[in-house]
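Fold and geometry: a report
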Amino acid sequence: MTDSNKMIINLALFGMTQSGKSSAGNILLGSTDFHSSFSPCSVTKDCCLGRSCHLCGFMRRGGQEITLQIQVLDTPGYPHSRLKQEHVKQEVKEALAHHFGQEGLHFALLVQRADVPLCGQEASSSVQMIQELLGHAWKNYTAILFTHAEKIEEAGFTEDKYLREASDTLLTLLNSIQHRCIFQYKKGNSLNEQRIIILERIMEFIKENCYQVLTFK
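Since this is a predicted model, take the numbers as computed values, not measurements.

Some words on the overall build of the protein
Each helix and strand counted, the protein has seven helices and seven strands in total. In the protein, the succession of helices and strands from N to C terminus is β-α-β-β-β-α-β-α-β-α-α-α-β-α. A compact globule built from 217 residues should have a C-alpha radius of gyration of about 17 Å, and the protein, at 17 Å, falls within 12% of that. By principal-axis analysis of the C-alpha atoms, the protein measures approximately 45 × 40 × 30 Å. The buried share of the protein, taken over its 217 residues, is 52%. Residue pairs at least 24 apart in sequence account for 74% of intrachain contacts in the protein once pairs closer than 6 positions are excluded. Split by element, the accessible area of the protein, about 10,800 Å² in all, is 48% carbon and sulfur. Averaging the coordinates of the 22 positive side-chain charges in the protein and doing the same for the 23 negative ones gives two points 3 Å apart.

This is the structure in C-alpha cells:
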C-alpha cells in the first residue's frame, strides 16, 4: 500500500506442470505478461513478476474508493519436466524474497486443474513446497484455484457436489486451508468478468486475514 487510496496486492502462483498457472496469472493481471501454451512438458522455466494496470474504484475501505494494483509471481511447475526439484525450490525462494521480501505476500494460489484428480506423490510435492517456502502460517495464506472449471458443469456436477466427491487428498488439503477455493471458468463469462469474480473472491480471503502479509528474508 503506497497511500491511503491505493492498494497493491501481491500474489504467487504454485502448481504442477500444465495446471494453468500462467494462464490464470494473465487473467488476474488482465494482460498476456506470462507465456502460456499447451505442451507435453513444462513451459515456465523461470519465476516472473507481472503487474496489472490500476483498477480504479475496485473496492471501498474506510468510506473511500480504493485503486487496486495486482502483482503476480508466476513460478515453474513443480515437479518440473526438465528442472530438478531443488533448483525450482531455490528459484522460487529467491524470487519471493526479491519481490515480496519487504512488501510481503498477501496470498498464494495453488493452481489445480478441476478435471484432474488431486492425488499421489506429485500432488503432495506442490503442497510440500508451499509449506516449506511459506512456513508454519502457510494454511492462512493459501487457496486453491481450480482451472478448467467448465469441465465440472459439462460432467453435470455443481461446485458443491464436485467438492463433496473429491479425492481424500484434496479434501484433506481443503480442510487444512479452511476450504478456501476459487473456480475459474472459460465459458460463459468474458475474461474481464472472470477476472473481477476471481479478484473479488481473493479480496475476501485477504480481508479475512485483516490484510496481513507474509514476509521473506
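Looking at the packing of aromatic side chains
Summed over the entire model, instances satisfying the criterion amount to five aromatic pairs. Aromatic pair phenylalanine 146 and tyrosine 162: ring centres 5.6 Å apart, planes at 85°, arrangement edge-to-face. With phenylalanine 146 in strand 6 (residues 142-147) and tyrosine 162 in helix 5 (residues 159-164), the pair connects residues that are 16 residues apart, well separated along the chain. Taken as a pair, phenylalanine 146 and tyrosine 162 share a single burial class, namely buried. Each ring, one from tyrosine 162 and one from phenylalanine 183, has its centre 6.1 Å from the other, and the planes form 80°; the classification is edge-to-face. Note that tyrosine 162 is positioned in helix 5 and phenylalanine 183 in strand 7 (residues 181-183), a separation of 21 residues in sequence. A relative accessible area of 15% places tyrosine 162 in the buried class. Here the aromatic cluster, defined as three or more aromatic residues joined through ring pairs, consists of Phe107, Tyr141 and Phe205. A cation over an aromatic ring shows up here: lysine 161 above the ring of phenylalanine 157, its NZ or CZ 5.0 Å from the ring centre.

Re the environment of histidine 54
Relative to the assigned elements, histidine 54 resides in the loop between strand 2 (48-51) and strand 3 (55-61). For histidine 54, a relative accessible area of 42% puts it in the partly exposed group. Separated by 14 residues in the primary sequence, histidine 54 and leucine 68 have C-alpha atoms spaced 5.7 Å apart. Sequence-distant contacts of histidine 54, that is, excluding residues within four places in its chain, are made with Lys6, Thr67, Leu68 and Gln69.

Structural notes on the pattern of salt bridges
All told, the structure shown has six salt bridges when counted by the stated rule. We note a salt bridge from arginine 113 to aspartate 115, for which the minimum N-O separation is 2.7 Å. Owing to a relative accessible area of 22%, arginine 113 belongs among the partly exposed residues under this scheme. Three or more residues joined by partner-sharing salt bridges are found here, namely Glu86, Lys89 and Glu132.

Some remarks on the side chain of histidine 106
By secondary structure assignment, the location of histidine 106 is in the loop between helix 2 (85-100) and strand 5 (107-113). Apart from residues lying up to four places away in sequence, histidine 106 is in contact with Ile8, Ile9, Asn10, Tyr141, Ile206, Tyr211, Gln212 and Val213.

Looking at the nonpolar core
Membership of the largest hydrophobic core comes to 41 residues, with the highest contact counts inside it found for Phe14, Leu96, Leu134, Phe146 and Phe183. Looking at this core, the elements that each hand over two or more residues are strand 1 (6-15), helix 2, strand 5, helix 3 (120-134), strand 6, helix 5, helix 6 (168-176) and strand 7. If you look at the next biggest cluster of nonpolar residues, it comprises 29 residues, including Leu28, Phe34, Leu55 and Met59.

A word on unusual backbone geometry
A positive phi angle, near 65°, is found at glutamine 18, a position not held by glycine. The topology assignment puts glutamine 18 in the loop between strand 1 and helix 1 (21-29).

A look at the environment of glutamate 159
Position of glutamate 159 relative to the elements: it lies in helix 5. A relative accessible area of 32% means that glutamate 159 is categorised as partly exposed. Separated by 10 residues in the primary sequence, glutamate 159 and alanine 149 place their C-alpha atoms 8.7 Å from one another. For glutamate 159, the residues in contact, after removing those within four places along its chain, are Phe183 and Tyr185. A polar atom in the side chain of glutamate 159 sits 2.6 Å from the side chain of tyrosine 185.

What counts, and at which threshold
Residues numbered from 1 in each chain as written. Predicted model: local features only at pLDDT ≥ 70, side-chain atom pairs only at ≥ 80, totals over all residues. Heavy atoms only, no water. Helix = DSSP H or I, 4+ residues; strand = E, 2+ residues; numbered from the N terminus. Rg over C-alpha atoms; globule rule 2.2 N^0.38 Å. Buried < 20%, exposed > 50% of the residue type's maximum accessible area, 1.4 Å probe, protein only. Contact = heavy atoms within 4.5 Å. Areas by Shrake-Rupley, 256 points an atom, 1.4 Å probe, with all protein chains shown as cover. Lys, Arg positive; Asp, Glu negative; His and termini not counted. Charge placed at Lys NZ, Arg CZ, Asp CG, Glu CD. Phe/Tyr/Trp six-rings, centres within 6.5 Å; stacked < 30°, edge-to-face > 60°. Lys NZ or Arg CZ within 6 Å of the ring centre and 35° of its normal. Salt bridge = Lys/Arg side-chain N within 4 Å of Asp/Glu carboxyl O. Core = buried A, V, L, I, M, F, W, Y, C linked by side-chain atoms within 4.5 Å. Polar contact = N/O pair within 3.5 Å; in protein donor to acceptor, adjacent residues only side chain to side chain.

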